[in-house]
Amino acid sequence: MSGVHQFVPMLHEGDAVGRHTMKLRELLTARGITSRIYVDLTDPKTASETTPATAYLAHAEPGDILLYQFATASDLAPWLASRGETLVVNYHNVTPPEYYAPWDNGLARHQLRAQQELRALAARTTLAVGVSVHNEAELRQAGFRSTSVVPPAAMLPVLDAGAPRAAPRAAPRQHGARWLSVGRLAPNKALQHALMALLVTRAHHDPEATLQIVGHRVVPSYTRALHRYVADLGLRDVVTLDGHLSDPELADAFAAADVLVMTSAHEGFGIPVIEAMHTGLPVVANRAGALPEVVGDAGVLVDTADPYALSWAVARLLADPSRCAALAEAGRRRLNALDLAGAGDRLIDQVIALR
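Residues numbered from 1 in each chain as written. Predicted model: local features only at pLDDT ≥ 70, side-chain atom pairs only at ≥ 80, totals over all residues. Heavy atoms only, no water.

A. View of the overall build of the protein. Secondary structure assignment for the protein yields 13 helices and 13 strands. Taken over C-alpha atoms, the radius of gyration comes to 21 Å for the protein, in line with the 20 Å a tight globule of 355 residues would show. Over its C-alpha atoms, taken along the principal directions, the protein stretches across nearly 65 × 45 × 35 Å. Nonlocal contacts in the protein, meaning residues at least 24 apart in sequence, comprise 69% of its contacts between residues at least 6 apart. Working note: accessible area of the protein is about 14700 Å², and carbon and sulfur atoms make up 53% of it. Of the charged side chains in the protein, 32 are positive and 36 negative, and the gap between their average positions amounts to 2 Å. (Helix = DSSP H or I, 4+ residues; strand = E, 2+ residues; numbered from the N terminus. Rg over C-alpha atoms; globule rule 2.2 N^0.38 Å. Contact = heavy atoms within 4.5 Å. Areas by Shrake-Rupley, 256 points an atom, 1.4 Å probe, with all protein chains shown as cover. Lys, Arg positive; Asp, Glu negative; His and termini not counted. Charge placed at Lys NZ, Arg CZ, Asp CG, Glu CD.)

Right under this line is the structure:
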């Protein structure tokens, strides 16, 4: 029996692409559709969930649909382009190489290769699905003709879209506010802007404000620079760079924070924004990439490269509990509009319609 099989360079259990991929397999299997996850490289933590891509030839059936989870360069791309099966590309975003070039030339070349592979897949792909309108525009620019938009199908399990939402939050602290930033420690996240805005805030609005930064360390040179910047700004005692946290630890970080600050200069979706909305945490985000479309009217958008603009936006928001409550309600409406709980089924409906 033909199936819908997913291909991903490596399946990581804790990242957005990994959660999305496993959720889709769960939904496909529930519909009685054969579905395996094939990988180029095996992660020991998810080895039991995956099959080497080289084994697909032994499993292939006429009528198979191949679904490529595209977020990085991989030898899978040219191999999939050479196959005859119906191909669907699920595009999660590629950070432009110019963000990496000052920090790691090898990573910059890797991102350039990913962009080249995306363009090479365009003529061969029957359907390309972006996780945001911003990503769909990149697909169109890369030459894909048939495109659609479906947001990611999974998020932090303890904040799952189908679970009861948190009770209304207490009014945020106007003094000693706890800022939270969540995302990979990568140059496109522009975390230095959050640090400078925190310095402005402590000087002009809230001398006891703190910042917790949570995320995988992706570029060692950038991480080291962030640590040096924290020290140079005199913020060593009030800024924590926690790296990766477990799911319960991350949920605790959301619960303890007063505001989520998203300074990304380039963002394909922004799962932390969704997680903040789910917990009723106010969001102040950069007016760039996919963030405006994800945030909608449920947060404050500002040019976060301007530390004074970001600082004032956070200060005004946290000084106005009624506005925070209104944004929390807007966040609930935004989550309903995005319908993340049904996103996986919407994507699968589009894929199986190609049979």
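B. Structural detail: unusual backbone geometry. A positive phi angle, near 105°, is found at asparagine 93, a position not held by glycine. By the secondary structure assignment, asparagine 93 is in the loop between β5 (86–91) and α4 (105–121). You can call asparagine 93 buried: its relative accessible area is 10%. Within the chain, aspartate 339 stands out as a residue other than glycine whose phi angle is a positive 45°. (Buried < 20%, exposed > 50% of the residue type's maximum accessible area, 1.4 Å probe, protein only.)

C. Focus on the nonpolar core. Trp179, Val239 and Val284 are the most contacted members of the largest nonpolar core, which has 35 residues in total. For this core, the secondary-structure elements that each account for two or more residues are α6 (191–204), β9 (210–214), α7 (220–232), β10 (239–241), β11 (259–262), β13 (300–302), α11 (307–318) and α12 (321–338). The residues touching tryptophan 179, leaving out its near neighbours within four places in the chain, are Ala194, Ala197, Leu198, Thr201, Ala209, Thr210, Leu211, Gln212, Val259, Val261 and Val314. Grouped together as the second largest cluster of nonpolar side chains are 28 residues, Leu245, Ala253, Leu260 and Leu338 included. (Core = buried A, V, L, I, M, F, W, Y, C linked by side-chain atoms within 4.5 Å.)

D. Main features of the sheet that holds β11. Taken in spatial order, the six strands line up as β10-β9-β8-β11-β12-β13 in an open sheet, and their pairing is parallel. Sheet topology places β10 and β13 at the edges, where each strand pairs with a single neighbour. This sheet shows a mean twist of 20° between the axes of neighbouring strands, independent of strand direction. Sheet topology note: the β11/strand β12 (residues 283–286) ladder contains three bridges and is parallel. (Pairing = 2+ DSSP bridges. Axes fitted to C-alpha atoms, helices over the stretch in contact; angles between N-to-C directions.)

Honestly, that's just the spatial picture; any functional story needs more than this.
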